[in-house]
Amino acid sequence: MTPPRARTWGRRGHTPVIRVRGRSRRRTSVAALCCYKPGEASRLIYRPHGHLLLKGARKSFSWKDYRDLLVRAHIQLGGPIVVVWDNLNTHLTAGLKRYEAEHDWLTTIRLPPYAPDLNPVEVIWSLLRRAMANTAFDTPDDLDRVLRRELRRSQLRPHLIDGCLTATGLTLTQPNPP
């Protein structure tokens with residue numbers, strides 16, 4: 001993903017140039033869940049994960065990492081979870097589907113094939129990218145520190161997470177008791 005551009009204080013027509021060292025051998029991935037429950041404050045549960053770019057090593061989250069995120073969310077939220085997945089190939093793996101079928105506290109719903117406008121987490125990524133625009137990081141650790149700080153800042157603002165759901169046009173409805 002290319003970072004968004006933001007304004008600079010440089011002179012018009014003179015693009016600031018930042019020299020950087022060679023390519024880093026690390027990649028940072030982040031998985032997040034926007035959690036909504038009627039009558040309660042919205043929550044953001046996230047898990048950053050650093051990957052070393054070694055030959056043959058995985059460069060993204062595996063289905064087991066998503067499973068662990070769901071288990072942590074279940075523990076933190078203290079109840080059954082309804083997860084609305086996008087169609088990321090890792091969300092469709094046999095291992096994750098088998099895990100979903102084995103646990104009655106987990107219900108999954110799939111979004112249509114390409115519908116980023118229905119996914120509240122996409123709005124979180126947009127806000128995160130905007131907050132980190134025009135930033136050059138010295139080290140991967142510096143990137144991780146700023147990333148965690150911005151995610152924590154979003155996490156502490158339930159109205160911001162509510163706004164992510166509002167941006168999708170989706171609404172929460174109370175289930176009817178039997």
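How each quantity is defined
- Residues numbered from 1 in each chain as written.
- Predicted model: local features only at pLDDT ≥ 70, side-chain atom pairs only at ≥ 80, totals over all residues.
- Heavy atoms only, no water.
- Helix = DSSP H or I, 4+ residues; strand = E, 2+ residues; numbered from the N terminus.
- Buried < 20%, exposed > 50% of the residue type's maximum accessible area, 1.4 Å probe, protein only.
- Contact = heavy atoms within 4.5 Å.
- pLDDT = per-residue confidence, 0-100.
- Expected span 1.5 Å × (residues − 1).
- Arc of directions from axis to C-beta.
- Pairing = 2+ DSSP bridges.
- Right-handed = clockwise from strand over helix to strand, strands pointing away.
- Salt bridge = Lys/Arg side-chain N within 4 Å of Asp/Glu carboxyl O.
- Patch = residues over 30% accessible without salt bridge, like charges linked within 9 Å, V, L, I, M, F, W, Y side chains within 5 Å.
- Areas by Shrake-Rupley, 256 points an atom, 1.4 Å probe, with all protein chains shown as cover.
- Axes fitted to C-alpha atoms, helices over the stretch in contact; angles between N-to-C directions.
- Parallel < 35°, antiparallel > 145°, perpendicular 65-115°, else oblique.
- Left-handed = near helix turned anticlockwise from the far one by under 90°.

(A) How the structure looks around the overall build of the protein chain. Across its full length, the protein chain carries 5 helices and 4 strands. Tracing the protein chain from N to C terminus, the helices and strands come up as β-β-α-β-α-β-α-α-α. When each of the 178 residues of the protein chain is scored for burial, the buried share is 30%. Sequence separation of 24 or more characterises 64% of the internal contacts of the protein chain that already satisfy a separation of 6 or more.

(B) Here's a closer look at the confidence of the model for the protein chain. Per-residue pLDDT for the protein chain has a mean of 82; in total, 89% of the residues score no lower than 70. When the elements of the protein chain are averaged for pLDDT, strand 2 (residues 43-52) gives the smallest value, 84, and helix 2 (residues 94-102) the largest, 93.

(C) Broad picture of helix 1 (residues 63-77). Under the 1.5 Å per step criterion, the end-to-end length of helix 1 is 21 Å for 15 residues, consistent within 8% with the ideal 21 Å. Taken residue by residue, helix 1 has Asp65, Tyr66, Leu69, Leu70 and Ala73 as its buried positions. The arc that holds every buried residue of helix 1, seen down its axis, measures 140°, which confines them to one face. Looking at the buried positions of helix 1, the neighbouring elements they touch are strand 1 (26-35), strand 2, strand 3 (81-85), helix 2 and strand 4 (106-110).

(D) Summary view of the pairing of strand 4. Where strand 3 and strand 4 come together, 5 bridges link them in parallel fashion. Along strand 4, the bridge assignment pairs Trp85 with Arg110. Running through helix 2, the crossover from strand 3 to the neighbouring parallel element strand 4 is right-handed.

(E) Main features of the pattern of salt bridges. In total, this model carries 6 salt bridges according to the counting rule given. Between Lys37 and Glu40 there is a salt bridge, with the nearest N and O atoms lying 3.7 Å from each other. Exposure class is identical for Lys37 and Glu40. Each is exposed. The partner of Arg110 in a salt bridge is Glu100, with the nearest N and O atoms 3.5 Å apart. You can see Arg110 sitting in strand 4 and its partner Glu100 sitting in helix 2, a full 10 residues away along the chain. Exposure remark for Arg110: the relative accessible area of 29% places this residue in the partly exposed category. On the basis of relative accessibility, which here comes to 9%, the residue Glu100 falls in the buried class.

(F) Molecular detail of the side chain of Asp144. By secondary structure assignment, the location of Asp144 is in helix 4 (residues 140-155). Discounting residues that sit within four places of it in the chain, Asp144 has contacts with Arg26 and Thr28.

(G) Local environment of a nonpolar patch on the surface. Residues Val82, Val84 and Ile109 make up a contiguous nonpolar surface patch of roughly 260 Å² in combined accessible area. Topologically, Ile109 is positioned in strand 4.

(H) Region of the structure containing the packing of helix 3 (residues 120-131) against helix 5 (residues 158-168). The N-to-C vectors of helix 3 and helix 5 enclose an angle of 120°; their axes lie 8 Å apart at closest approach. Judged on the interaxial angle alone, helix 5 and helix 3 are oblique. Seen along the crossing, helix 3 lies across helix 5 with a hand that is right-handed. Listed contacts from helix 5 to Pro120, Val123, Ile124 and Leu127 of helix 3 are Leu160, Cys164, Leu165, Ala167 and Thr168.

(I) Examining the environment of Val71 more closely. Tracing the backbone shows Val71 in helix 1. A relative accessible area of 28% means that Val71 is categorised as partly exposed. Placed 35 residues apart in sequence, Val71 and Leu106 show a C-alpha to C-alpha distance of 9.6 Å. Ignoring any residue separated from it by four or fewer positions in sequence, one finds Val71 in contact with Tyr99 and Trp105.

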